[in-house]
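Residue-level listing of the chains:
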Amino acid sequence: MLRTMALPSSSSSPPLSVSTQMKQHIKQDSFRPHSLKFSSMQKENNINDDNVASFNQNPSRRLALLKLGADENMMRPRTPPKMAPVSTAVAEENPLEWVNKDKRRMLHVVYRVGDLEKTIKFYTECLGMKLLRKRDIPEERYTNAFLGYGPEDSHFTVELTYNYGVDKYNIGTGFGHFGIAVEDVAKTVNLVKAKGGKVTSEPGLVEGGSTMSAFVEDPDGYKFELLERGLTPEPLCQVMLRVGDLDHAVNFYNKAFGMQLLQRRDFPESKYAVAIMGYGPEDKNAVLELTYNYGVTEYDKGNGYAQIAIGTDDVYKSAKAIELCGGSIIREPGPLPGINTKITACLDPDGWKSIIGKCRRKDIR
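Residues numbered from 1 in each chain as written. Predicted model: local features only at pLDDT ≥ 70, side-chain atom pairs only at ≥ 80, totals over all residues. Heavy atoms only, no water.

**Q** Describe the sheet that holds strand S8 (residues 223-228), listing the residues and the values that go with them.
**A** The strand order across the open sheet built from 8 strands is S6-S7-S8-S5-S9-S12-S11-S10, with neighbouring strands paired in mixed fashion. At either margin of the open sheet sits one strand with a lone partner, and together these are strand S6 (198-205) and strand S10 (260-267). Sheet twist, expressed as the average angle between the axes of neighbouring strands with direction ignored, equals 20°. Pairing geometry for strand S9 (residues 236-242) and strand S12 (residues 287-293), over 5 bridges, is parallel. Its bridge partner lying in S12, methionine 240 is registered against glutamate 289. The strands that helix H7 (residues 246-255) touches are S10, strand S11 (272-278) and S12; relative to S11, the one it contacts most, it runs at about 0°. (Pairing = 2+ DSSP bridges. Helix = DSSP H or I, 4+ residues; strand = E, 2+ residues; numbered from the N terminus. Axes fitted to C-alpha atoms, helices over the stretch in contact; angles between N-to-C directions. Contact = heavy atoms within 4.5 Å.)

**Q** Which residues make up helix H8 (residues 315-324), and what are the values?
**A** Turning to H8, its buried residues are Val315, Lys317, Ser318, Ala319, Ala321 and Ile322. Buried residues along H8 sit against helix H4 (95-99), H7, strand S14 (328-335), strand S15 (342-347) and strand S16 (353-358). Between the side-chain oxygen at the start of H8 and the backbone nitrogen of tyrosine 316 there is a gap of 2.9 Å, and the oxygen is on aspartate 314. At the exit of H8 stands glycine 326, carrying a positive phi of roughly 90°. (Buried < 20%, exposed > 50% of the residue type's maximum accessible area, 1.4 Å probe, protein only. Polar contact = N/O pair within 3.5 Å; in protein donor to acceptor, adjacent residues only side chain to side chain.)

**Q** I'd love a proper account of the nonpolar core, names of residues and values included.
**A** Generally speaking, a soluble globular protein has its nonpolar side chains buried in company with each other. If you look at the biggest cluster of nonpolar residues, it comprises 59 residues, and the most contacted ones within it are Tyr111, Tyr123, Phe224 and Phe257. Considering each element in turn, this core owes the most residues, 5 residues, to H7. The contact partners of tyrosine 123, leaving out residues within four places of it in the chain, are Tyr111, Gly128, Met129, Leu147, Val158, Leu160, Asp218 and Phe224. Judged by nonpolar contacts, the second largest core, of 6 residues, contains Ala309, Leu336, Ala345 and Ile355. (Core = buried A, V, L, I, M, F, W, Y, C linked by side-chain atoms within 4.5 Å.)

**Q** Could you give an account of the pairing of strand S4 (residues 157-163), with specific residues and numbers?
**A** Among the 7 residues that make up S4, 5 are buried, leaving the element largely enclosed by the rest of the structure. In this sheet, S4 lies alongside strand S1 (residues 105-112) in parallel orientation, the contact comprising 5 bridges. Its bridge partner lying in S4, histidine 108 is registered against threonine 157.

**Q** Quick rundown of the packing of aromatic side chains? Include the residues and the values.
**A** Here the structure, examined in full by the defined rule, presents 16 aromatic pairs. Where phenylalanine 175 meets tyrosine 222, the ring centres are 5.9 Å apart and the plane angle is 80°; that geometry is what we call edge-to-face. One end of the pair, phenylalanine 175, is in strand S5 (residues 175-182); the other, tyrosine 222, is in the loop between strand S7 (212-217) and S8, and 47 residues separate them in sequence. Judged on exposure class, the residue phenylalanine 175 and its partner tyrosine 222 are both buried. Following the ring pairs from residue to residue traces out a cluster consisting of Tyr111, Phe122, Tyr123, Phe175, Phe178, Tyr222, Phe224, Tyr305 and Trp352. (Phe/Tyr/Trp six-rings, centres within 6.5 Å; stacked < 30°, edge-to-face > 60°.)

**Q** So what about H7? Which residues, and what values?
**A** Of all the positions in H7, only Leu246, Ala249, Val250, Phe252 and Tyr253 are classed as buried. Across the axial projection of H7, the buried residues extend over an arc of 165°, all falling on one side. In the core, the buried residues of H7 are packed alongside S10, S11, S12, H8 and S15. Near the N-terminus of H7, the side chain that reaches the backbone nitrogen of aspartate 247, with its oxygen 3.3 Å away, is that of aspartate 245. (Arc of directions from axis to C-beta.)

Here you go:
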């Protein structure tokens, strides 16, 4: 039903430096009489009082002792003088400029379900996904399952979380839907119906466009928009979230996350606007769709949808960029115990959570 094709990847890397200010102190010795200089030399070279008398009475003796002190001083290892720090005058790289050079992509989306086996069955039989891996953590009383249309290291995937004993979640009004690209929307809708799935919107053209689409729901009530497209390397192609200020949200994801504004559409008759954000063309990459409903500034986020995970080359610089753009860091950047990776967690201006991590994709939780 769904086909995928390989997509080549690219890489890049960056530096960071700190500038310092140079201070120079010049110390000048004042003139001192020879007797004081000799007393100092006497102490430095262990010359006793008898030698001092001989020194004063015998000029040749005096010259010999002076030469001896000079030779010994020349033979001693000398401590190099303390130097004032040299100014590097290297400007610190702006974290917001670095973000645009960072190697990033959307890795997976995390949400909670009440019946893991039932949801896996729906995703594999109706939506054509594959179960990539599953892990049970009994000591923490939860189970994870990763599903998608290809390996985690090259495809956007879903991470389902089942918490022991919890069979229902509030999805809220803020979460919108996931998007899946299919070759034939009508055929997929018929399959969902045959498997007992719920169709909330029959096949039809998207508003203001020429793409055929339909909406279905999974067993927990999460909506999936089926989008009719040709071959694509990323069938799991979209996450839609509602925001209270579209301009503010677009600016945040562009500057703090390095996402491009791929397209923006306004529908005044229906009183809403959307912005598509991502790391590449939406027909080849997973994207974030931000939706603003006229006059609505806050939404109930519920407790079902959790977060998106994004890969980065540096979690510390990522966290700094997020703070500079008004995001909230809710987990300081650093390593995860027992896992060879580093992450940071943040909230965007609307309170949506994201995890940004430097690691193999499957290690981000």
